[in-house]
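Results of the structural survey
Spelled out, the chains give:
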Amino acid sequence: MITVMGAGAFGTGLAISLAQTGPVALWARNRSQAEEMRTTRQNARRLSGIDLPDHVQVTADLPRQSGAPYLLSVPMQKLRAGLEAHKEALAGQVLVACCKGIELDSGLRPTEVIRAVIPDARTAILTGPSFAADIARGLPTALTLACADATLGEDLQAQLGTTALRLYRSTDVTGAELGGALKNVMAIACGAVIGAGLGESARAALMTRGFAEMCRMAEAKGARASTLAGLSGFGDLALTCTSELSRNYQFGLSLGRGEAFDPTITVEGAATAQAVLTEAQKANIDMPITHAVTALSTGKLQVAQAMDMLLSRPQKEE
Ligand SMILES: NC(=O)C1=CN([C@@H]2O[C@H](COP(=O)(O)OP(=O)(O)OC[C@H]3O[C@@H](n4cnc5c(N)ncnc54)[C@H](O)[C@@H]3O)[C@@H](O)[C@H]2O)C=CC1
Ligand SMILES: O=C(CO)COP(=O)(O)O
């Protein structure tokens, strides 16, 4: 039986989707939350109003399994701690990262963190444009499933896809992970310009130049340009930079409006911007929007100053 580790919005959405094809375990680290979900058959904290089908078995005890994958649906900056706590159970298992980001302390991508903690794990990444509630409601969605081991990738594509959730396979794990991580940084930037009233044209400019920046970093890391042009890059950039359902975009909006933002809400792009900027500076990769988002989200610049910084750069060829 497939196990989803992490009963947040996305883990719950994935479990509901997978329940169409058979029983699925949804593991919550918090015992009382698991109990509440078992009783109410809803995840009121993270995905309220959507019932858990009978096939979703909520548990606070991580199932031990042989062969079936674990889907790791925890925020990027919590992934290492989540793995460390279950190192023995997860050794040698198929672990599919479902998080989007770069670890702040190490600069590592999700599957790199998994292998740093569990060296014999067989890893893949599931990423792309999808809001948890859309997946849970069975609305049509397409994601990238990237796995360096092409045979395992085919198995996972067959196991995790449903009629509504269409998975496209790739072996470019680096490209898929960087696309998912970097689009969140750009979504914060787009939210900030809209929040500050700078207009839709400015947002389109940021999306386009942000995409150029994503491609520069990804290609420097050995990713394929076609991956960035796919679901995990361009696709997710389009969704996250234009929808008020995105938490990264909402965080950007609050920065632009000068409003406070609830620190308990998961906003992957803030820590990721810092991690990416460190990598970019080491490798001499020009990432001005990531620089601006880092300065904005750490309170070092206001939106007007960040825009001045971007607009006063030397003129260049597109
Ligand atoms: N919410 C969405 O629509 C989507 C989210 N994602 C990605 O999924 C990842 C998770 O996001 P959400 O589920 O939305 O976040 P969330 O904030 O709704 O839930 C995070 C969950 O992780 C759990 N958690 C935190 N630390 C943990 C640890 N050390 N061990 C085990 N569990 C731990 C929390 O208890 C919580 O249930 C993020 O990387 C996000 O970018 C991807 C696609 C869509
Ligand atoms: O990754 C997502 C959509 O693909 C969800 O975006 P947020 O984390 O910004 O809510």
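None of these values were measured; they are calculated from a predicted model.

**Examining the site of ligand 2**
In the vicinity of ligand 2, the residues found are Lys100, Gly128, Pro129, Ser130, Phe131, Lys183, Asp236, Leu239, Thr240, Ser246, Arg247 and Asn248. A distance of 2.7 Å is found between an oxygen atom of ligand 2 and a side-chain nitrogen or oxygen belonging to Ser246. Take Arg247: an N or O atom from its main chain is 2.8 Å from an oxygen atom of ligand 2. Here ligand 2 loses 93% of its free accessible area of 300 Å² to cover by the protein chains. Counting residues per element, the ones that place at least two in the shell around ligand 2 are helix H11 (231-240) and helix H12 (247-257). Sorting elements by how many residues they give to the shell around ligand 2 places H11 first, with three residues. In terms of residue class, the shell around ligand 2 is built from three nonpolar, five polar and four charged.

**Things to note about the domain arrangement of the protein chain**
For the protein chain, the assigned domains are domain 1 (2-171) and domain 2 (180-312). Here domain 1 packs against domain 2, burying approximately 1,600 Å² in sum over the two surfaces, 64% of which is carbon and sulfur. On the domain 1 side of the interface with domain 2, the three residues burying the most area are Lys100, Pro129 and Phe131, jointly 36% of the side's total. The tally of links between domain 1 and domain 2 comes to one salt bridge. As a salt-bridge pair, Lys100 and Asp236 come within 2.6 Å of each other at their nearest N and O atoms.

**Considering helix H8 (residues 173-195)**
Taking 1.5 Å of rise per residue, 23 residues should cover 33 Å, and H8 covers 34 Å from first to last C-alpha, within 8% of that figure. Once H8 ends, the next one or two residues include Gly197, with phi positive near 75°.

**Focus: the packing of aromatic side chains**
On inspection of all chains with the given rule, the structure shows two aromatic pairs. Their ring planes at 75° and their centres at 6.0 Å tell us that Phe211 and Phe234 sit as a pair that is edge-to-face. One end of the pair, Phe211, is in helix H9 (residues 200-220); the other, Phe234, is in helix H11, with 23 residues separating them in the sequence. With 5.3 Å between their ring centres and 70° between their planes, Phe251 and Phe261 make a pair best called edge-to-face.

**With respect to the UniProt feature "binding site: NAD(+)" (unreviewed entry) in the protein chain**
Mapped onto the present numbering, the UniProt feature "binding site: NAD(+)" (unreviewed entry) falls at Gly6, Ala7, Gly8, Ala9, Phe10, Gly11, Ala132 and Arg247. Looking at where Ala9 falls in the secondary structure, it is placed in helix H1 (residues 9-18). Look at Ala9 and you get buried, because its relative accessible area is 19%. Once residues lying within four places of it in the same chain are set aside, the contact partners of Ala9 are Arg46, Leu47 and Ala132. Residue position: Gly11 is located in helix H1. Taking relative accessible area as the criterion, Gly11 reaches 0% and is therefore assigned buried.

Here is what the cut-offs are and how they apply
- Residues numbered from 1 in each chain as written.
- Chains lettered and ligands numbered in written order.
- Predicted model: local features only at pLDDT ≥ 70, side-chain atom pairs only at ≥ 80, totals over all residues.
- Heavy atoms only, no water.
- Near = heavy atom within 4 Å.
- Polar contact = N/O pair within 3.5 Å; in protein donor to acceptor, adjacent residues only side chain to side chain.
- Areas by Shrake-Rupley, 256 points an atom, 1.4 Å probe, with all protein chains shown as cover.
- Helix = DSSP H or I, 4+ residues; strand = E, 2+ residues; numbered from the N terminus.
- Nonpolar A, V, L, I, M, F, W, Y, C, P; charged D, E, K, R; others polar.
- Domains from an automatic or database assignment.
- Buried area = accessible area lost by both parts, 1.4 Å probe.
- Salt bridge = Lys/Arg side-chain N within 4 Å of Asp/Glu carboxyl O.
- Expected span 1.5 Å × (residues − 1).
- Phe/Tyr/Trp six-rings, centres within 6.5 Å; stacked < 30°, edge-to-face > 60°.
- UniProt positions renumbered as here; feature names shortened; annotations may be inferred.
- Buried < 20%, exposed > 50% of the residue type's maximum accessible area, 1.4 Å probe, protein only.
- Contact = heavy atoms within 4.5 Å.

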